[in-house]
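# Chains, contacts and geometry: an overview
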Amino acid sequence: MSSDTRIEKRFADLKQQGRAALVTFITAGDPDYDTSLAILRALPGAGADVIELGMPFTDPMADGPAIQASSLRALHAGQNMIKTLRMVTEFRAQDDTTPIVLMGYYNPIYIYGVEHFLDDAKKAGVDGLIVVDLPPEEDHELCIPALDAGLNFIRLATPTTDDKRLPKVLTNTSGFVYYVSVTGITGSKAPDISRVTEAVGRIKRHTDLPVAVGFGVKTAEQAAGIAAGADGVVVGSAIVSTVLASLGKDGKATDKTVSSVTALVNDLAAGVRKGSSKA
Amino acid sequence: MTSPAPNSFRTGPDDTGHFGIFGGRFVAETLMPNILELEEAYATARKDPSYAAELDDFLEHYVGRPSPLYFAERLTEHLGGAKIYMKRDELNHTGAHKINNVMGQILLARRMGKSRIIAETGAGQHGVATATACARFGLECIVYMGATDVERQAPNVFRMKLLGAEVVPVTSGRSTLKDAMNEALRDWVSNVENTFYCIGTVAGPHPYPAMVRDFQSIIGEETKRQMQAREGRLPDSLVAAIGGGSNAMGLFHPFLDDKSVEIYGVEAAGKGVTTHEHAASITGGRPGVLHGNRTYLLMDDDGQIEEAHSISAGLDYPGIGPEHSWLHDVGRVNYISATDDEALEAFKLCCKLEGIIPALEPSHALAKVIELASKKPKDHLMVMNMCGRGDKDIFTVAHHLGVKL
């Protein structure tokens, strides 16, 4: 492998410290560009180790109501791919170590132009991509070009990914593996911790990559439980729901928006640390 | 964009589900095992004569096939040009072509041991067909329908409920067909073990576009035989309306390699393709990726999907089946469009001259038949697909004509 990406360095560092990573998801531009940038900049200080930045899309087919609504809030506020990449550039001017993974759906990238997108993402300081609707069967679309450009391509493994299919999913996956803890959409039912730990073990028999677990993790307690058996805990819906709860009656950000997100992330980070120490 | 013309237009898709650059399997990993399982189950069923025999039996005795190929004599006289035939798929059980595909998929679901059926619907025709087949086989049926459409299409909602289906109004996004399809995909992701997703058109991830086309191709196969019996030759042209494009693909596919046959697909131009209120994905869109496949879509410069508009709820979709996109790029099929107003005029004319109340979907095809037929010689044989009956649309038409019912 070529020179390590920020994602690889971060997971290696945390492994040495003996704790799991807290991976936080926010939607770029939710509830507006400036507030979203302020949240993004506050995340590392609040305890986020890796940041997933959602590229909003009108039709997020694998997402539950919380992230759907967050995408629409961002789009209504005028977010687009150019602004999302600019947000990463502005973040990078102040933070050169926290990994940023862009997460979303393929169409906005396809329309931006794959080569053009990879160039601009790389220049902005993006470290990896998660594109929900690109299974390994479509690897030539974006995965291979992204790897060639030096970006990590992080794939989702799910409870339906059996031992026969797992090697196909892991081929060309880099950075980390995102294990979807439930067969469902984001923000759905809570994962069963013992099953998750078992599934992480199964994936680890097939790969040396770190395994982060997400979908349905909402509380510090759940995060602690997951952190005990995985290399990372992903929280998304709970964070964007906190953004929603902080908004004023007019749907606009208030002085509580950034602080209520950082308070939740602080809490989750404590949970991850507590859970990791038990491992 | 042009691709070189292939030797045959009927061999697609390739092994990875692509028609040229279109099609594919753009779905979340959770669904991939299901999609591969479906592909395998369908390939096995296709080779099994007992599956074909079972389907044929239901199509004959339950659906009422073959549907007639009817010579529309008064419309022909009125227009004074081509000899117009109508393929009467509106006479099928449940009143539209949708049931052809549903019977095929439900019989497949039974073979796969799936007990729970989900579907999306716009106007409600596919939902009614799915609810009907599920009632016949005692299967649980959940139909996702945009909240806006639930209101607009109350009679079909009631029909589905009478048939024992649960109708779930979808309020996410903009509450129409596209959002109903998102919600059905979300259900499928959440219930992969026991659930079969019965898609209503030639779109979605591979193998759906090819599978639904195969089930609908009976329309074109019958037409070929019937025209041979009536006129002793092939038709000269085919005209069909396109939303997702299943009735059109069903009529067109058996004729794609008959080079003498001109083929016209009619998209819904709504208030005009130069406005933002239309559903003409090929005429007014560009290639993108949505709902599991690459195809022509209505979207903005950021790749965000735009809402479609048509007087016909069944054509009100911002995409089109990927095989149509390919047939457009290789130039085999001519994609044209008809506005709401043109469709309404054609609707009225058909009622008066032929004693047939057409659905608003085929009224779009009729609108272009009116335009094309008058320019053709009298020995030109034109077939339009009367893919649905208009009973469901009388409230919409009354509203547009300013009549209170």
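A brief report on the enclosed structure follows. (Residues numbered from 1 in each chain as written. Chains lettered and ligands numbered in written order. Predicted model: local features only at pLDDT ≥ 70, side-chain atom pairs only at ≥ 80, totals over all residues. Heavy atoms only, no water.)

What follows deals with the sheet that holds strand S13 (residues 334-339) of chain B. All names here are of chain B. Here we have 6 strands laid out as an open sheet, ordered S3-S4-S14-S9-S10-S13, and mixed in their pairing. A strand with exactly one partner marks an edge of an open sheet, and here the two such strands are strand S3 (69-71) and S13. Neighbouring strand axes in the sheet, compared pairwise and without regard to direction, differ in orientation by 30° on average. Pairing between S3 and strand S4 (residues 83-87): 3 bridges, direction antiparallel. The partner of Phe-71 across the bridge, within S4, is Tyr-85. Contacts from helix H14 (residues 340-354) reach S3, S4, strand S10 (262-270) and S13, with the element oriented near 85° to S13. (Pairing = 2+ DSSP bridges. Helix = DSSP H or I, 4+ residues; strand = E, 2+ residues; numbered from the N terminus. Axes fitted to C-alpha atoms, helices over the stretch in contact; angles between N-to-C directions. Contact = heavy atoms within 4.5 Å.)

The next subject is a nonpolar patch on the surface. A surface patch of nonpolar side chains, about 570 Å² in accessible area, is lined by Ile-357, Ile-394, Phe-395, Leu-401, Val-403 and Leu-405 of chain B. The residue Ile-357 of chain B is located in the loop between H14 and helix H15 (360-373) in this model. (Patch = residues over 30% accessible without salt bridge, like charges linked within 9 Å, V, L, I, M, F, W, Y side chains within 5 Å. Areas by Shrake-Rupley, 256 points an atom, 1.4 Å probe, with all protein chains shown as cover. Salt bridge = Lys/Arg side-chain N within 4 Å of Asp/Glu carboxyl O.)

Take the interface of chain A and chain B next. Listed by partner, the interface residues are 37 residues for chain A and 38 residues for chain B. Buried area between chain A and chain B, both sides added, is near 2,900 Å², and the carbon and sulfur share of it is 54%. Of all residues in chain A, Asp-59, Met-61 and Ile-111 of chain A bury the most surface against chain B, accounting for 20% of the area lost on that side. Linking chain A to chain B there are 3 salt bridges. A salt bridge links Asp-59 of chain A to Lys-178 of chain B; the nearest nitrogen and oxygen atoms lie 2.8 Å apart. Taken together, the links from chain A to chain B amount to 14 residue pairs in polar contact (both at pLDDT 80 or more). (Buried area = accessible area lost by both parts, 1.4 Å probe. Polar contact = N/O pair within 3.5 Å; in protein donor to acceptor, adjacent residues only side chain to side chain.)

Attention now goes to the nonpolar core. The biggest cluster of nonpolar side chains holds 120 residues, and the ones touching the most others in it are Tyr-178 of chain A together with Met-103, Ile-106, Leu-108, Tyr-197 and Phe-252 of chain B. What Tyr-178 of chain A contacts, discounting residues up to four positions off in sequence, is Glu-52, Met-103, Ile-130, Ile-154, Arg-155, Leu-156, Ala-157, Ala-212, Gly-214, Phe-215 and Val-234 of chain A. Of all hydrophobic cores here, the second largest spans 69 residues; its members include Ala-28, Val-131, Leu-151 and Leu-264 of chain A. (Core = buried A, V, L, I, M, F, W, Y, C linked by side-chain atoms within 4.5 Å. Buried < 20%, exposed > 50% of the residue type's maximum accessible area, 1.4 Å probe, protein only.)

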